[in-house]
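Given next are the chains, with one letter for each unit.
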Amino acid sequence: MSLLAFFFLAGLHELERLIWVTWPHDAGWADPPWWWPLPMAVVPAVGVTLVARYLPGQGGHVPAAGLQLGGASKAAVPGVVLAAACALPWGVVLGPEAPLIALGGGLALLFRDLARAPATKASNTLMAAAGSSAAISAIFGNPLVGAVLLMEAAGVGGPQLFAVLLPALLASGIGAIVFTGFGRWTGLHTGSLSLHLPEPPQLDIGDVAWSVLIAAALAVAMHATIALGRRTATMATPLPWPVIALCTAAMAGCVTLYAAATGRSPAEAALSGQSALAGLAEDPHAWPAGALIAVLAFKGAAYAVSLGSLRGGPIFPALFLGGAAGVLLAPLPGYGVVPAMAAGMAAASCAALRLPVSSVVLVALLVGHTDALPVIILAAVVSLVTTELLPPAPRPGRTSAPTAAQ
């Protein structure tokens, strides 16, 4: 699973670079022009529609429903791969984690059947969890994140906790080794998420107070974004094909408006935000306040419509939006860039996923400094409590009727 996931991610990364770097350079532009996202959106509009209509599994679940770990299917693997290839590299504002979870779980069940191992409900759970962990371990830059994320999202506890966690943790470690080794041997890159933030000064009362306020505000904003995505998914239930096309056009329009309004590359508002977040962390001063406000508005809107209609994962764009909000608000009196980014990422990811432990572990490992851990935990908890106090968003239904192959 780890090896196949490596080449799957490497392929997505190379295709993304071809579309957003090589093709514009070959055409004589240093960066993609402002109108670039519009023709690129044709591929996800057509590709995701065809996959959802004709292939088993509909290319994966609607990301507005959050991460879904149950129901791993061998038959859904081709559709998941094709939907991800038609969506993620072409500018869709979603991440690769959901396709990786489905890919790893489906392949694990396939290998189990090839080995003629007994198929039981317990073995299905174990194999799907281990396969998913192996697949997503390296995309977060640390094998621990994958194991914790799957454990918390699965909602298991008691004796079942260790029965699922141990093979998932082992598979995550093996997956990280495979990704590291093949990355060095082949020279291919998968675009794993890692940041290089400077070591922050000692936290003070200003960092804590501002982090609490920012976490509450981001929870409200992210809740509204997820709610919009779920309403979009609900509208897509009776009319899936027109809604997918309209949402893809709306997503591309938001990215185009960002580029036209700021004069910056449309890639900053398109895609998962993985590369842009790394650049934001390395040089936050390269982003003026106007660009940060614009990317929060336009990428947030593109994220919402992508959640409700296309295929991918919700984590990476949420991390970027939280990090951008943190950089925007870092100049507040007594605040700093590192605690602001850390609190913003923790609050946004927790509001999007409702998984506080996973959000804390992920952001803590990304930041890499234990000094920022208190504000990360505080922001995640405040975000979760705030989100739980808000009116619940509608649960999205299926985006299309099941096909005969399902």
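Since this is a predicted model, take the numbers as computed values, not measurements.

**Structural notes on helix H16 (residues 373-389)**
Next, step 1: When the terminal C-alpha atoms of H16 are compared, their 24 Å separation across 17 residues agrees well with the 24 Å that a helix rising 1.5 Å per residue should span.
Next, step 2: Listing the buried residues of H16 in full gives Val375, Ile376, Ala379, Ala380, Val382, Ser383, Thr386 and Thr387.
Next, step 3: Buried residues along H16 sit against helix H9 (205-236), helix H14 (337-353) and helix H15 (356-367).

**Structural notes on the side chain of Ser349**
Next, step 1: Relative to the helices and strands, Ser349 resides in helix H14.
Next, step 2: Among the residues examined, Ser349 registers a relative accessible area of 1% and is labelled buried.
Next, step 3: Discounting chain neighbours no more than four positions away, the residues touching Ser349 are Ala318, Leu319, Arg354, Ser359 and Val363.

**Observations regarding the confidence of the model for the protein**
Next, step 1: For the protein, per-residue confidence averages 83 on the pLDDT scale, and residues scoring 70 or more make up 80% of the total.
Next, step 2: The element-level mean pLDDT for the protein is lowest in helix H8 (residues 159-186), coming to 56, with helix H2 (residues 37-40) highest at 97.
Next, step 3: Counting contacts from residues 398-406, a segment whose pLDDT is below 50, to residues more than four positions away or on other chains yields 24 contacts.

**Brief notes about the packing of aromatic side chains**
What characterises a pair of aromatic rings is the spacing of the ring centres plus the angle enclosed by the ring planes.
Next, step 1: Tallying each qualifying case throughout the model produces six aromatic pairs.
Next, step 2: Ring geometry for Phe6 versus Phe7: centroids 5.1 Å apart, planes at 80 degrees, classification edge-to-face.
Next, step 3: By relative accessible area, which is 1% here, Phe6 ends up buried.
Next, step 4: According to the relative accessible area criterion, Phe7 is partly exposed, its value standing at 40%.
Next, step 5: Of the aromatic side chains, those joined through ring pairs into one cluster are Trp29, Trp35 and Trp36.
Next, step 6: We note Arg53 situated over the ring of Tyr54; from NZ or CZ to the ring centre the distance is 5.2 Å.

**A look at the nonpolar core**
Next, step 1: Counting residues in hydrophobic clusters, the biggest one holds 104 residues, and the most contacted among them are Ile136, Phe140, Met222, Leu280, Tyr303, Ile315 and Phe320.
Next, step 2: The element best represented in this core is H14, accounting for 13 residues.
Next, step 3: If near-sequence neighbours (up to four positions away) are discounted, Leu280 is found in contact with Trp287, Leu292, Phe320, Gly323, Ala324, Val327 and Met341.

**Re the packing of H14 against H15**
Next, step 1: Taken N-terminus to C-terminus, the directions of H14 and H15 make an angle of 150 degrees; their axes are 9 Å apart at the nearest point. Regarding the angle of H14 to H15, the classification is roughly antiparallel. As H14 packs across H15, the resulting crossing turns out to be right-handed. Contacts between H14 and H15 involve Val338, Ala342, Met345, Ala346, Ser349 and Cys350 from the first element and Pro356, Ser359, Val363 and Val367 from the second.
Next, step 2: Partitioning the contact of H14 with H15 into residue classes produces eight nonpolar, two polar and no charged.

**A few points about helix H10 (residues 240-262)**
Next, step 1: With 23 residues, H10 should cover 33 Å at 1.5 Å per step; its first-to-last C-alpha distance of 33 Å lies within 8% of that length.
Next, step 2: All of the buried residues along H10 are Pro240, Val243, Ile244, Cys247, Thr248, Met251, Ala252, Cys254, Val255, Thr256, Tyr258 and Ala259.
Next, step 3: As for H10, its buried residues are in contact with H2, helix H3 (42-54), H9 and helix H12 (289-309).
Next, step 4: One or two positions beyond H10, positive phi appears at Gly263, with a value near 75 degrees.

**Comments concerning a nonpolar patch on the surface**
Next, step 1: On the surface, Leu373, Ile377, Val381, Val385 and Leu389 cluster together into a nonpolar patch covering about 430 Å² of accessible area.
Next, step 2: Relative to the helices and strands, Leu373 resides in helix H16.

**A short note on the side chain of Arg311**
Next, step 1: With respect to the helices and strands, the residue Arg311 is situated in the loop between H12 and helix H13 (315-329).
Next, step 2: This buried residue, Arg311, is left without a salt bridge; Glu97 holds the nearest opposite charge, at 13 Å.
Next, step 3: At 3.0 Å, the side chain of Arg311 forms a polar contact with the backbone oxygen of Gly60.

**Remarks on the environment of Glu14**
Next, step 1: Here Glu14 is to be found in helix H1 (residues 2-26).
Next, step 2: Taking the C-alpha atoms as reference points, Glu14 and Pro89, 75 residues apart in sequence, are found 8.7 Å from one another.

**Brief notes about the pattern of salt bridges**
Next, step 1: As enumerated under the stated definition, the model contains two salt bridges in all.
Next, step 2: Across the pair Glu268 and Arg264 runs a salt bridge, and its minimum N-O distance is 2.9 Å.
Next, step 3: Using a relative accessible area of 15% as the deciding quantity, one classes Glu268 as buried.
Next, step 4: The partner of Glu388 in a salt bridge is Arg354, with the nearest N and O atoms 3.1 Å apart. Separated by 34 residues along the polypeptide, Glu388 in helix H16 and Arg354 in the loop between H14 and H15 bring together distant segments of the chain.
Next, step 5: For Arg354, a relative accessible area of 32% corresponds to the partly exposed category.

**Points about the environment of Gln58**
Next, step 1: Among the structural elements, Gln58 can be located in the loop between H3 and helix H4 (77-87).
Next, step 2: Spatially, the C-alpha atoms of Gln58 and Val48 are 8.5 Å apart, while their sequence positions differ by ten residues.

**Describing the packing of helix H11 (residues 274-282) against H13**
Next, step 1: Between H11 and H13, the least distance of the axes is 9 Å, while the angle of their chain directions is 25 degrees. With respect to H13, the element H11 is oriented roughly parallel. Between H11 and H13 lies a crossing of left-handed hand. Contact residues: Gln274, Ala276, Leu277 and Leu280 in H11; Phe316, Leu319, Phe320, Gly323, Ala324 and Val327 in H13.
Next, step 2: Here the residues of the contact of H11 with H13 are counted per class, giving eight nonpolar, two polar and no charged.

How each quantity is defined
Residues numbered from 1 in each chain as written. Predicted model: local features only at pLDDT ≥ 70, side-chain atom pairs only at ≥ 80, totals over all residues. Heavy atoms only, no water. Helix = DSSP H or I, 4+ residues; strand = E, 2+ residues; numbered from the N terminus. Expected span 1.5 Å × (residues − 1). Buried < 20%, exposed > 50% of the residue type's maximum accessible area, 1.4 Å probe, protein only. Contact = heavy atoms within 4.5 Å. pLDDT = per-residue confidence, 0-100. Phe/Tyr/Trp six-rings, centres within 6.5 Å; stacked < 30°, edge-to-face > 60°. Lys NZ or Arg CZ within 6 Å of the ring centre and 35° of its normal. Core = buried A, V, L, I, M, F, W, Y, C linked by side-chain atoms within 4.5 Å. Axes fitted to C-alpha atoms, helices over the stretch in contact; angles between N-to-C directions. Parallel < 35°, antiparallel > 145°, perpendicular 65-115°, else oblique. Left-handed = near helix turned anticlockwise from the far one by under 90°. Nonpolar A, V, L, I, M, F, W, Y, C, P; charged D, E, K, R; others polar. Patch = residues over 30% accessible without salt bridge, like charges linked within 9 Å, V, L, I, M, F, W, Y side chains within 5 Å. Areas by Shrake-Rupley, 256 points an atom, 1.4 Å probe, with all protein chains shown as cover. Salt bridge = Lys/Arg side-chain N within 4 Å of Asp/Glu carboxyl O. Lys, Arg positive; Asp, Glu negative; His and termini not counted. Polar contact = N/O pair within 3.5 Å; in protein donor to acceptor, adjacent residues only side chain to side chain.

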